[in-house]
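Here is what each chain is made of, one letter per residue.
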Amino acid sequence: MKKLDQFILRSFIGPFFAILLVVVFILMMQFLWLYIDELVGKGLSFKVILEFLGWGSATLLPLSLPLATLLSSMMTLGTLGENNELLAIKAAGISLQRVMIPLALVCGVVSVGAFFISNDLIPVAYNKIYTLRDDIGRTKEEIKIPTRTFYNGIDGYILRVKERNDETGMMHGVMVYNHTGNKGNTSLTLADSAEMKMSKDKSYLTFVMYNGSNYEETNTKKYRDTTLQLQKIDFERQAMVIPLKNYAFHKSDSSRFNDQVKSMNLKQLNHSQDSIGELNATGKAENIQSMGRSRILRYNSQLDTGVQHKTPFVKEGIGVWEDIDAEIKAVEKAKQNAEELRMNLESFSRERYHHTFILRLIDIEILKKFALSIACLIFFFIGAPLGALIRKGGLGTPAIISVLFFVAYWVIDISGVKLARDGAVSPFSGVFFSTYVLFPTGLFLTWKAINDSAIFNMDAIKSGIRKIKAKIMGIFKKTRIVYMGTPEFAVAPLDALIKSGYNVVGVVTVADKASGRGLKVNESAVKKYAVEHNIPVLQPVSLKDPEFLDALKAWKGDIFAVVAFRMLPKVVWEMPPMGTFNLHAALLPQYRGAAPINWAVINGDKATGVTTFMIDEGMDTGKIMFREQCLIDPDENVGQVHDKLMEMGSNLVVQTVEAIIEGNVDFRVQRSFIQGSEILRPAPKLSRELCHINWNGKTRHIYNLIRGLSPYPAAFTELVKDDKTIQMKIFSTVKVTGDGFRDLLEQHGMTSVLPGTVLSDGKTYLAITTADGALSVTELQISGKKRMAVKDFLIGFREPQSYSTSQGTSSQITGKKA
């Protein structure tokens, strides 16, 4: 494990457990407040109360774990951001995704643990809580006799005390009514003072009275003799033993509540689901059979969609009555039958309700065991990005935001579960309703954090309003776009505009040209695409031709989009009211000219890009609207870079058109992109002289030249032997330098060699030396042959090492020599 991972994990794990304990404590206080009335006054031992609170805390984990995950992840990333540690990590080239990986793994472990807690611990906790609550509920409150009040808290006795000495516990002015045996008020004891003692096991109460009298009516009333005998007995000391029941807490067997859905794990829930489901299915089948046997409706089979009736339901005399009274009587009878049928169906529905309700509860409880784990993960992907975005640690801002998110989750979850319990929605939808809401939120925040963008970007909001306005205006009047381009590079942006729904009213491209041995007329790639999509095409020989200008004006274009076309005269680019823009395959102001992609690769640049700018009178000098960078891999050729820029440029053209229509464009002059003493490089047309390789250059320069000209027009060299000269185009090579070059020379028995020397074993490789190494050719093409691998070439080319190379001219163009 790397030190960065250890640092991040230490920053997360400590706060996670601390916050979990704090959250559990806070929720436990709420739990205690909820059940305080059941606990107070029962004389419960501290152990029983701790056990009750302990199991209650376990039932609070489904709420505590997601909140602790949310708050701790937000605090961890927020603290890193507040202390600029996250900025330093990013400056070191480490992305936010990489920072979040160890935290995500830990949260994954927490989620797995949450599942086992939900499945194994929480059912046991609920079972214990149900049992303890029942046992505590059956335990009577402690005996505390108030003064000057008749107290009936002891079964069978009513007591009254005039006053009490709190220090000695002695009671004065004592009155005791004995109601045991349903005697009524026939037995009374008065005492000057008394003291009360309870046995250790709270099974009996000893009431010792001093200096008093017992009054008792010893007989009962009879039908003829209604007289009563009164007995009075004085005493100096009398002990009364009163038996007590349920005044001591007794712990019972917890298996009584095993059938509660919250007290079951997955295995038990699935077993109950199968059992109750079978009972429900059997009951439903009995109801259906009962309906089938019922004669409430005389033609029950007509209601059975499973019965295939060979003949239509027709009975002679149906719907025909002798008079209006008979018809009324028939309708009333039908109404009575329908009402009776409805009542039977309602009765069946009530019979099935108990089973279906229990099945819904079981489904909800099964799904909730998985929902807890998912909630922990979702809250991590909310908390961690929020912390990275707000850059605030501690328990201030993160706590407030966390509580708001958690309250939203809690309210949505409770609402969804209630709807599912009532049958308004399916159990799956109800349990995961909060997931439906929070999961997109987590994805959105994670995407925002990874891209380091603000949660609410006012510029983006304003841009959205402009987009809506532009689309509304586009319903009434679509912007008319004229597209100008020629090669394959220009086809993709045109296709992107069409597929994006923009109104391309016409295309301007070069005139058709006859080429090749058969003088076959070749059409440009843009024209072929336009014809296939029924787009009007103009192919002027001269862009100043009056007929062409009139035809172009007739299209009434609002925007001219130019991609890989000729330089436009002012009369053309000034024509559209919303302007003319060009897509250039380079990061302007670098590489102004006709071949920017080739020259970026030839010069060995590590990055290039695409730029859209408004055309002015200069060559690629207009104000820039958008630029997008594209990295060049060290071994990519110009064809591969071309394809990457073509796709990137397509999106940029659509973006530029959209911005112009919405009026959401910021123009920047090109000199604002020049950094310090940066030298601007041109991109002139490619020439044959550039393509002819001068092997006196350095290996990397020639390697980049070959990449920058492959696959078209392709760099070449000339193999010379006696009076014979063979032109060989080279498409790809491998650099041979350092030890590899020395090994190559040793194979040929050489210690040094002139640049341009051909080295080959005649079977597997063909290398040509440079000023500081060699290039091993891997793909080539000689005049009159097709492109092939070097091994295939050597099969039919004998003694290649006997050839030399002619002096090339490429270094004169590139300026790169040994």
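Thresholds applied
- Residues numbered from 1 in each chain as written.
- Predicted model: local features only at pLDDT ≥ 70, side-chain atom pairs only at ≥ 80, totals over all residues.
- Heavy atoms only, no water.
- Axes fitted to C-alpha atoms, helices over the stretch in contact; angles between N-to-C directions.
- Helix = DSSP H or I, 4+ residues; strand = E, 2+ residues; numbered from the N terminus.
- Parallel < 35°, antiparallel > 145°, perpendicular 65-115°, else oblique.
- Left-handed = near helix turned anticlockwise from the far one by under 90°.
- Contact = heavy atoms within 4.5 Å.
- Nonpolar A, V, L, I, M, F, W, Y, C, P; charged D, E, K, R; others polar.
- Core = buried A, V, L, I, M, F, W, Y, C linked by side-chain atoms within 4.5 Å.
- Buried < 20%, exposed > 50% of the residue type's maximum accessible area, 1.4 Å probe, protein only.
- Pairing = 2+ DSSP bridges.
- 1 Å grid on protein atoms, 1.4 Å probe; cavity = no way out; pocket = protein on both sides within 12 Å on 5 of 7 lines; lining within 4 Å.
- Points joined across faces, edges and corners; volume = space filled by probe spheres on them.
- Arc of directions from axis to C-beta.

### Concerning the packing of helix α12 (residues 491-499) against helix α13 (residues 525-532)
Argument step 1. It is at 9 Å that the axes of α12 and α13 come closest, and there the two elements cross at 25°. Here α12 is positioned roughly parallel relative to α13, judged by the angle of their axes. Our pair here, α12 against α13, has a crossing hand that is right-handed. Residues Val-491, Leu-494, Asp-495 and Ile-498 of α12 lie in contact with α13, whose contacting residues are Ala-525, Val-526 and Tyr-529.
Argument step 2. For the contact of α12 with α13, a count of residues per class yields six nonpolar, no polar and one charged.

### Comments concerning the nonpolar core
Argument step 1. Core analysis: the biggest nonpolar cluster contains 75 residues, and Tyr-483, Phe-581 and Leu-766 have the highest contact counts within it.
Argument step 2. It is helix α17 (residues 638-662) that contributes the most residues to this core, eleven residues altogether.
Argument step 3. Of all hydrophobic cores here, the second largest spans 55 residues; its members include Cys-107, Ala-114, Tyr-409 and Leu-438.

### Structural notes on the environment of Arg-360
Argument step 1. Tracing the backbone through its elements, the reader meets Arg-360 in helix α7 (residues 324-390).
Argument step 2. Spatially, the C-alpha atoms of Arg-360 and Asp-422 are 8.6 Å apart, while their sequence positions differ by 62 residues.
Argument step 3. If near-sequence neighbours (up to four positions away) are discounted, Arg-360 is found in contact with Tyr-353, Ala-420, Arg-421, Asp-422 and Gly-423.

### Quick notes on the sheet that holds strand β8 (residues 503-508)
Argument step 1. A sheet is described by the order of its strands in space; here seven strands give the open sequence β11-β8-β7-β12-β13-β15-β16, paired in mixed fashion. Since the sheet does not close on itself, it has two edges, and those belong to β11 (537-538) and β16 (624-631), each with one partner.
Argument step 2. Summarising the sheet, strand β7 (residues 480-485) and β8 pair through five bridges and their orientation is parallel. Along β8, the bridge assignment pairs Tyr-483 with Val-507.

### Some remarks on the layout of surface pockets
Argument step 1. A volume near 1400 Å³ is recorded for the largest pocket.
Argument step 2. Taken together, 38 residues line the largest pocket, and the ones lying closest to its centre are Pro-487, Ala-564, Ala-594, Ala-595 and Pro-596.
Argument step 3. Elements with a contribution of two residues or more to the lining of the largest pocket: β13 (580-584), α16 (596-602) and α17.
Argument step 4. Looking at the lining of the largest pocket, its residues break down into 23 nonpolar, nine polar and six charged.
Argument step 5. Of the volumes computed, that of the second largest pocket is approximately 1200 Å³.
Argument step 6. As for the second largest pocket, its lining consists of 38 residues, of which Thr-59, Pro-62, Leu-63, Tyr-126 and Trp-410 are closest to the centre.
Argument step 7. For the lining of the second largest pocket, the elements supplying multiple residues, two or more each, are α1 (3-39), α3 (61-82), α5 (96-138), α7, α8 (397-422) and α10 (433-450).
Argument step 8. A total of ten residues in the lining of the second largest pocket trace back to one element, the largest contributor, which is α8.

### What to know about α13
Argument step 1. Taken together, the buried positions of α13 are Val-526, Lys-527, Tyr-529 and Ala-530. Seen from one end, α13 has its buried residues packed into an arc of 165°, which puts them on one side.
Argument step 2. The elements touched by buried residues of α13 are β7, α12, β8 and β11.
Argument step 3. One or two steps after α13, the chain reaches Asn-534, where phi turns positive at roughly 55°.

### Things to note about empty space enclosed by the protein
Argument step 1. Per the stated rule, a full pass over the model turns up two cavities of 30 Å³ or more.
Argument step 2. The calculated volume of the second largest cavity comes to roughly 40 Å³.
Argument step 3. As for the second largest cavity, its lining consists of Ala-375, Ile-378, Phe-379, Tyr-409, Ser-434, Thr-435 and Leu-438.
Argument step 4. Those elements giving two or more residues to the lining of the second largest cavity turn out to be α7 and α10.
Argument step 5. In terms of residue class, the lining of the second largest cavity is made up of five nonpolar, two polar and no charged.

### A look at the pairing of strand β5 (residues 204-217)
Regular strands place their side chains on alternate faces of the sheet.
Argument step 1. Pairing between strand β4 (residues 187-198) and β5: eleven bridges, direction antiparallel. Within the sheet, the bridge partner assigned to Met-198 lies in β5 and is Leu-205.

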